[in-house]
Amino acid sequence: MFVVATAGHVDHGKSTLVRALTGMEPDRWAEERRRGMTIDLGFAWTTLPSGGTVAFVDVPGHERFVPNMLAGVGPVPAALIVVAADEGWMPQSAEHLAALDALGVAYGLLAVTRADLADPGPATAHARAEIAATSLGAVPAVAVSGLTGAGLPELRAALDRLAAQLPTPVVDRPVRLWVDRSFTVRGSGTVVTGTLGAGRLRVGDELELAGADEPVRVRGLHSLGEARAEAAAVARVAVNLRGTPRDRLGRGDALLTPGRFHHTDLVDVRLAGDPAADLPATLTLHVGSAAVPVRVRPLGPDTVRLRLARPLPLLVGDRALLRDPGRHHVSGGVRVLDVAPPPLGRRGAAAARAQVLAELDGRPDLAGELRRRRLVRSGALLRMGVPAQNGPAYAEPVAGDWLADPAHWRRLGEQLTEEVARHAREHPLEPGMPVDALRQRLALPDRVLVEALVRPPLRIHAGRVGAAGADALPEPVARAVQRVRAEYGDRPFRAPEADRLVDLGLGPREIGAAVRAGALLRLADNVVLLPDALDDAVRVLAGLPQPFTLSAARQALDTTRRVAVPLLELLDRRGATRRLPDDARIVVT
Ligand SMILES: Nc1nc2c(ncn2[C@@H]2O[C@H](COP(=O)(O)OP(=O)(O)O)[C@@H](O)[C@H]2O)c(=O)[nH]1
Ligand SMILES: [Mg+2]
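These remarks concern the structure in this document.

## Focus on the overall build of the protein chain
Helix and strand counts for the protein chain stand at 18 helices and 32 strands. Computed over its C-alpha atoms, the radius of gyration of the protein chain comes to 37 Å, more than 25% above the 25 Å expected for a compact globule of 589 residues. Residues classed as buried in the protein chain amount to 49% of the 589 residues present. At a minimum sequence separation of 6, the contacts of the protein chain that also span at least 24 residues come to 66%. Put simply, the protein chain shows about 26800 Å² of open surface, and 51% of that area lies on carbon and sulfur atoms. Considering the protein chain, the positive charge centre built from 74 side chains and the negative charge centre built from 68 side chains are found 3 Å apart.

## A look at the site of ligand 1
Near ligand 1, the surroundings consist of 16 residues, among which Asp-11, Lys-14, Thr-16, Arg-114 and Gly-146 are the closest. Between ligand 1 and Ser-15 there is a distance of 2.9 Å, counted from an oxygen atom to a backbone nitrogen or oxygen. Note that an oxygen atom of ligand 1 is positioned 2.7 Å from one of the backbone N or O atoms of Gly-146. Contact with the protein chains covers 80% of the free accessible surface of ligand 1, which is 580 Å². The residue makeup of the shell around ligand 1, split by class, is three nonpolar, nine polar and four charged.

## Comments concerning the coordination of the magnesium ion (ligand 2)
For a metal bound by four donors in a tetrahedral arrangement, the ideal donor-metal-donor angle is 109.5 degrees, while six donors in an octahedral arrangement ideally sit at 90 or 180 degrees. Here the magnesium ion (ligand 2) is held by Ser-15 (OG) and Thr-38 (OG1), and the distances to it run 2.0 to 2.1 Å. Remark: Thr-38 occurs in the loop between α2 (30-35) and β2 (42-47) and Ser-15 occurs in helix α1 (residues 14-22); sequence separation between them is 23 residues. The residues Ser-15 and Thr-38 share a single accessibility class, namely buried.

## Some words on the side chain of Ser-289
Looking at the secondary structure, you find Ser-289 in the loop between β17 (282-287) and β18 (290-300). Within the structure, the side chain of Ser-289 is placed 3.2 Å from the backbone nitrogen of Gly-252, a separation counted as a polar contact. Setting aside chain neighbours within four positions, we find Ser-289 in contact with Ala-71, Pro-75, Trp-178, Val-179, Asp-180, Arg-251, Gly-252 and Asp-253.

## Considering helix α8 (residues 366-373)
Looking only at α8, the buried set comprises Leu-366, Gly-368, Glu-369 and Leu-370. After α8 finishes, the residue Arg-374 shows a positive phi value of roughly 70°.

## Observations concerning the nonpolar core
Membership of the largest hydrophobic core comes to 55 residues, with the highest contact counts inside it found for Ile-81, Leu-201, Val-239 and Leu-255. In this structure, Leu-201 is in contact with Val-175, Leu-177, Leu-196, Leu-207, Leu-221, Ala-229, Glu-230, Ala-231, Val-237 and Val-239, ignoring residues within four places of it in sequence. One finds Leu-256, Ala-276, Val-292 and Leu-322 within the second-largest nonpolar core, a separate group that totals 37 residues.

## Some details on the pattern of salt bridges
One pass over the structure, following the stated rule, counts 36 salt bridges. Here Glu-369 makes a salt bridge to Arg-372, at a shortest N to O gap of 3.4 Å. With Glu-369 and Arg-372 both in helix α8 and three residues apart, this pair spans about one turn of that helix. Ionic pairing is found between Asp-572 and Arg-585, a salt bridge with its closest N-O pair at 2.7 Å. Within this pair, whereas Asp-572 is found in helix α18 (residues 561-574), its partner Arg-585 is found in strand β32 (residues 585-587), the two being separated by 13 residues in sequence. Take Asp-572: its relative accessible area is 21%, and that puts it in the partly exposed class. Residues joined by salt bridges that share partners form a network here, namely Asp-268, Arg-305, Asp-338, Arg-353, Glu-369, Arg-372 and Arg-373.

## Digging into the sheet that holds strand β20 (residues 319-324)
Strand order in this closed barrel of six strands is β16-β19-β18-β17-β20-β21, and the pairing throughout is antiparallel. Across the sheet, the axes of successive neighbouring strands diverge by a mean angle of 45°, strand direction being ignored. Here β17 runs beside β20; their pairing, made up of three bridges, is antiparallel. Bridge pairing in β20 links Thr-284 to Arg-323. Contacts from helix α3 (residues 66-73) reach β17 and β20, with the element oriented near 175° to β20. Taken strand by strand, helix α7 (residues 349-358) contacts β16 (263-273), β18, β19 (303-313) and β21 (329-338), and its axis lies near 105° from that of β18.

## Description of the sheet that holds strand β27 (residues 458-461)
Strand order in the open sheet formed by three strands is β26-β28-β27, with antiparallel pairing between adjacent strands. Bordering the open sheet on either side are β26 (433-434) and β27, each of which pairs with just one other strand. Note: β27 against strand β28 (residues 464-467), four bridges, orientation antiparallel. Its bridge partner lying in β28, Leu-458 is registered against Ala-467.

## Details of the packing of helix α16 (residues 533-542) against helix α17 (residues 550-557)
What describes two packed helices is the angle between their axes and the distance between those same axes. Running from N to C, α16 and α17 cross one another at 115°; their axes reach a closest spacing of 10 Å. Considering the relative orientation of α16 and α17, their crossing is right-handed. Along its contact with α16, which presents Ala-537, Val-540 and Leu-541, the element α17 presents Ala-553, Ala-556 and Leu-557.

## Details of the pairing of β21
For β21, the buried fraction is high: eight of the ten residues fall into the buried class. As paired elements, β16 and β21 share six bridges and run antiparallel to each other. Note on β21: the bridge partner recorded for Ala-272 is Gly-333. Sheet topology places β20 next to β21; six bridges connect them, and they run antiparallel.

## A few points about the environment of Phe-548
When you line up the elements, Phe-548 lands in the loop between α16 and α17. In this structure, the C-alpha to C-alpha distance between Phe-548 and Ile-586, residues 38 residues apart in sequence, is 6.4 Å. Once residues lying within four places of it in the same chain are set aside, the contact partners of Phe-548 are Leu-541, Ala-553, Leu-568, Ala-584, Arg-585, Ile-586 and Val-587.

Analysis parameters
- Residues numbered from 1 in each chain as written.
- Chains lettered and ligands numbered in written order.
- Predicted model: local features only at pLDDT ≥ 70, side-chain atom pairs only at ≥ 80, totals over all residues.
- Heavy atoms only, no water.
- Helix = DSSP H or I, 4+ residues; strand = E, 2+ residues; numbered from the N terminus.
- Rg over C-alpha atoms; globule rule 2.2 N^0.38 Å.
- Buried < 20%, exposed > 50% of the residue type's maximum accessible area, 1.4 Å probe, protein only.
- Contact = heavy atoms within 4.5 Å.
- Areas by Shrake-Rupley, 256 points an atom, 1.4 Å probe, with all protein chains shown as cover.
- Lys, Arg positive; Asp, Glu negative; His and termini not counted.
- Charge placed at Lys NZ, Arg CZ, Asp CG, Glu CD.
- Near = heavy atom within 4 Å.
- Polar contact = N/O pair within 3.5 Å; in protein donor to acceptor, adjacent residues only side chain to side chain.
- Nonpolar A, V, L, I, M, F, W, Y, C, P; charged D, E, K, R; others polar.
- Donors = N, O, S within 2.8 Å, 3.2 Å for Na, K, Ca; no water.
- Core = buried A, V, L, I, M, F, W, Y, C linked by side-chain atoms within 4.5 Å.
- Salt bridge = Lys/Arg side-chain N within 4 Å of Asp/Glu carboxyl O.
- Pairing = 2+ DSSP bridges.
- Axes fitted to C-alpha atoms, helices over the stretch in contact; angles between N-to-C directions.
- Left-handed = near helix turned anticlockwise from the far one by under 90°.

Structure (structure tokens):
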């Protein structure tokens with residue numbers, strides 16, 4: 001299937017032509033038929049000589065309904081421009097063409113209608129010249145009469161040729177279905193329709209709806225009036241949603257593949273059309289089927305920042321259109337450069353931003369995004385429209401799903417080393433710098449990034465980053481621990497007496513440092529052993545007849561009650577021994 005939107009001035013015969021081609025009535029409303037004028041979008045379809053199907057989105061031509069027209073053409077990549085032979089080029093011919101040009105529509109056909117009323121030659125020549133100057137370029141033209149049917153076979157053949165030129169739709173892409181209608185079907189609930197430009201929809205799919213907390217589920221799918229289990233782009237689709245009230249969504253909303261779009265109310269864009277300096281401060285942004293008021297802040301000669309009145313699921317590279325509804329003036333197309341731009345707080349930030357934007361063209365640029373953002377989650381980039389695997393460009397996460405600019409990551413590594421060294425100088429008794437303090441110093445958003453930056457000889461131990469092993473201890477403490485080892489190595493369960501600790505220079509702070517570094521084991525105040533004592537004790541105790549008493553343990557370990565009592569309690573807490581009701585113990589195996 002391919003989808004074509006009509007375009008052209010009111011009363012030039014668009015709806016008549018669609019009716020003549022399809023046998024279907026595009027003017028759906030009684031009011032439209034009574035007034036003989038299209039107000040809202042109409043939908044009709046037919047089979048072409050090749051056997052392919054063309055679906056039409058018929059748009060209103062009246063100047064009052066240009067927003068409806070834009071909602072129809074926004075998601076559609078091809079246009080059937082209609083000009084009446086007897087009236088020629090008119091204001092909305094021009095406004096519609098400007099809109100197609102702004103949106104970058106590249107495929108189209110010209111139908112010069114009412115050819116039974118006047119020579120189509122002059123209108124054809126004028127229209128072709130106007131169209132040739134736009135994104136559509138030179139288009140084929142067919143003279144037709146909706147009344148007599150003259151020219152319709154030629155027009156059908158031309159539509160077939162147009163269909164053959166269209167790019168192959170991308171079906172393995174996330175879905176962003178811009179809703180152009182929503183209504184209720186008795187017994188089924190809410191139904192929305194739209195033009196599926198890319199991706200694939202299936203019954204049972206879960207989709208995201210902006211502003212809704214819960215995903216919505218596809219209960220049924222129709223395309224061209226028939227129920228389907230699946231619809232692939234390009235297609236006109238009607239989606240029946242389970243459990244979604246009708247008032248929850250309407251034209252301008254989008255149904256999305258979950259987790260693949262970034263909803264944003266702030267975008268930096270490049271203008272094609274009026275210069276930034278000439279734009280009014282408020283305009284309407286049209287994208288997909290949405291129309292949202294925006295405040296415009298010029299940045300560079302052709303770049304502006306737009307503040308949207310409500311967030312939209314926009315991607316880098318999206319095309320949209322700015323229009324001044326008061327003046328009936330299409331200011332021009334915009335290309336989205338950044339959907340998550342930095343705030344412009346500081347003086348000079350706007351000028352600096354303009355320079356950055358001057359380098360961007362709306363094509364996803366992985367390396368550039370990393371350079372500018374320095375650190376970003378790959379999921380967040382993907383939702384902006386920049387995949388971590390972008391053609392040959394590929395970024396390996398530095399930790400979790402965090403991506404980093406390589407130069408920035410190197411600098412962070414150096415900074416971490418410096419911070420740890422400074423901390424060691426300022427806090428000689430601490431066995432390293434707490435991970436969270438480092439995270440704050442380096443202004444990192446996630447602990448895993450600190451952890452990933454730690455390289456030998458630094459290591460993480462007990463939530464701190466420091467030099468590995470006893471190097472983490474200040475010189476005097478390390479020496480004191482050495483002496484404890486030399487003196488007590490062969491009597492591992494004898495703890496130095498309090499005055500001996502003082503002689504060794506091991507006060508409470510020094511002991512604390514040694515314990516945190518894993519160089520000493522503290523059983524109680526002023527009762528310390530070498531750290532391997534625990535395992536050794538379990539081995540000795542396991543050799544005793546079970547259960548054993550405190551006194552038996554004390555003798556087997558060749559120690560005093562001062563050590564044996566807290567040692568056994570520690571072993572109890574660790575689950576290595578268990579204390580029985582009669583105060584005897586067993587080794588837990
Ligand atoms: N004689 C003649 N009248 C036409 C032709 N096409 C449309 N009309 C008439 O022009 C008027 C407007 O047509 P319509 O299709 O509603 O125009 P739209 O506003 O562009 O959709 C209607 O009265 C049609 O009957 C045509 O090819 N020949
Ligand atoms: Mg019409």
